[in-house]
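Analysis of the macromolecular model
Chain by chain, the residues run as shown.
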Amino acid sequence: MITTVIFDMGGTLEDIWYTDETTRDAWEKAIAILNSHGLDPKCSLEEFGEKLMEGIKNYKKLSESQMIELKPEQIWPEYYLAAFDFDRDTLRACAEELAGMWEVTYYHRELRPHVKEMLSSLKEKGYRISVISNTASIYSVFDVLEDYGIREYMEDVTLSSVTGYRKPHTDIFKISLREMRCKPEECCYVGDTISRDIIGATRAGFGKTIRIDSFLSNQKDKDVKDLIQPDHVVKDLMEIVDILQSNNE
């Protein structure tokens, strides 16, 4: 019997995407934050962006291959902005500010339709609800949940930036289960990627997995050759309520 529903954040509860416009906006805001702390890249916006994106690419190679997440005060000086001769102590001090800005500027974020109704219905039916999210910021997921008005539904929020493990590493799922004090077979995980969400939750022993398509799905899953597939694929998160009710009956 499924008693607990754990959601991914970006791409699942919220739809997210990026464009050339959001990318450039994030570069500009990053420079503004750096300048406010006395750090000057001393280059054009385009050169700054090129070096920053190369640093991000290098960090992703590390984090995704090893399924780990470093803290913002490590990520920004040692990877994202490694090409710049910034004072490292000053950069570490503003790293979380940069990380939080990046999460909500580089990515355009919108709460998916019917999320509040779905969460309310699950809560009314007695399901417990939480979140597991890969993020390079300590606070942004909490802030976004508050902004959407859905933080109150979540008993727990488990983040890669806090645990040090990225999905699909099974340890981030196990940490969430310990926090929720529930058995994996009693949990349903809902995410938008096979490579991170479905494979990770299945290997952690979750009783059910559900996937919804997002902007990130094809990007993250294009090289996936794993035989693990979700139990259900939905187009609207409201479908989850009937799926779980039918499962439990």
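Residues numbered from 1 in each chain as written. Predicted model: local features only at pLDDT ≥ 70, side-chain atom pairs only at ≥ 80, totals over all residues. Heavy atoms only, no water.

**Notes on the pattern of salt bridges**
Under the counting rule described, the total for this entry stands at 15 salt bridges. Of the charged contacts in the structure, one is a salt bridge between R166 and E69, with a shortest N-O distance of 2.7 Å. Residue R166 is found in the loop between helix 8 (160–163) and helix 9 (170–180), and its partner E69 is found in the loop between helix 2 (45–66) and helix 3 (72–80); the two are separated by 97 residues along the sequence. When its relative accessible area of 7% is taken as the criterion, R166 is described as buried. Its salt-bridge partner being K167, residue D197 comes within 2.8 Å of it at the nearest N-O pair. Residue D197 is found in helix 10 (residues 194–203), and its partner K167 is found in the loop between helix 8 and helix 9; the two are separated by 30 residues along the sequence. One network of salt bridges, in which partners are shared, links D8, K167 and D197. (Salt bridge = Lys/Arg side-chain N within 4 Å of Asp/Glu carboxyl O. Helix = DSSP H or I, 4+ residues; strand = E, 2+ residues; numbered from the N terminus. Buried < 20%, exposed > 50% of the residue type's maximum accessible area, 1.4 Å probe, protein only.)

**What about the sheet that holds strand 1 (residues 4–7)?**
For sheets, the rule is that strands pair by backbone hydrogen bonds, running either parallel or antiparallel. In space, the six strands of this open sheet follow the order 5-4-1-6-7-8, with parallel pairing throughout. The open sheet has two free edges, formed respectively by strand 5 (156–159) and strand 8 (232–234), since each of these has just one partner strand. Averaged over all pairs of adjacent strands, the angle between strand axes in this sheet comes to 20 degrees, irrespective of strand direction. Two elements, strand 4 (residues 128–133) and strand 5, share four bridges in a ladder whose sense is parallel. The residue of strand 5 that forms the bridge with V131 is V157. Along the sheet, helix 7 (residues 140–148) makes contact with strand 4 and strand 5, crossing strand 5 at roughly 145 degrees. Contacting strand 1, strand 4, strand 5 and strand 6 (187–191), helix 9 runs over the sheet at an angle of about 150 degrees to strand 4. (Pairing = 2+ DSSP bridges. Axes fitted to C-alpha atoms, helices over the stretch in contact; angles between N-to-C directions. Contact = heavy atoms within 4.5 Å.)

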